[in-house]
Amino acid sequence: GGRFHPAWTSSCFSRPSANVEPVMDYPIDESWCGAYDMAGSMFEWLDSWFDEARGLRHVAGGSWGRAEPKLFRIQGGQGARPTGAADEYGFRLVMRRTE
């Protein structure tokens, strides 16, 4: 969407006890294309450079530990080395429901 509201994210500014949360903890958080849990909990690795010269890849979507509006955007987000690990970075697996 075009609006940011911290209370709609899984972050330290909207939860009494911030941490990584299970998928589908907030089923009302559905995007226009049917994806859930896209705002907060974990930064997600993207396949684009944040700063190629320094070896930093984009991580976006905000995390449980941060809720600055700029971190929830792909442009502007944050960069991290793909060789490192942190409790705020992760990746999303997508599963299609078959009927």
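Right above here is the structure, for reference.
Student: Sorry, what's going on with the pairing of strand 1 (residues 43-51) here?
Tutor: Side chains on a regular strand alternate between the two faces of the sheet. Bridge analysis of strand 1 against strand 4 (residues 89-90) gives two bridges, and the strand direction is parallel. Note that in strand 4 the partner of Phe43 across the bridge is Tyr89. As paired strands, strand 1 and strand 2 (residues 56-60) are joined by four bridges and run antiparallel to one another. Across the sheet, residue Asp51 finds its bridge partner in strand 2, namely Leu56. Linking two consecutive strands that pair antiparallel, namely strand 1 and strand 2, is a turn of four residues; a positive phi of about 75 degrees is found at Gly55 within it.

Student: How should I be thinking about the sheet that holds strand 4 in this particular structure?
Tutor: Taken together, four strands build an open sheet; the order of strands is 3-2-1-4 and the sheet is mixed. One side of each edge strand has no neighbouring strand; the edge strands of this open sheet are strand 3 (78-80) and strand 4. Bridge count between strand 2 and strand 3: three bridges; the pairing is antiparallel. Directly across from Arg57, in strand 3, lies its bridge partner Ala80.

How each quantity is defined
- Residues numbered from 1 in each chain as written.
- Predicted model: local features only at pLDDT ≥ 70, side-chain atom pairs only at ≥ 80, totals over all residues.
- Heavy atoms only, no water.
- Pairing = 2+ DSSP bridges.
- Helix = DSSP H or I, 4+ residues; strand = E, 2+ residues; numbered from the N terminus.

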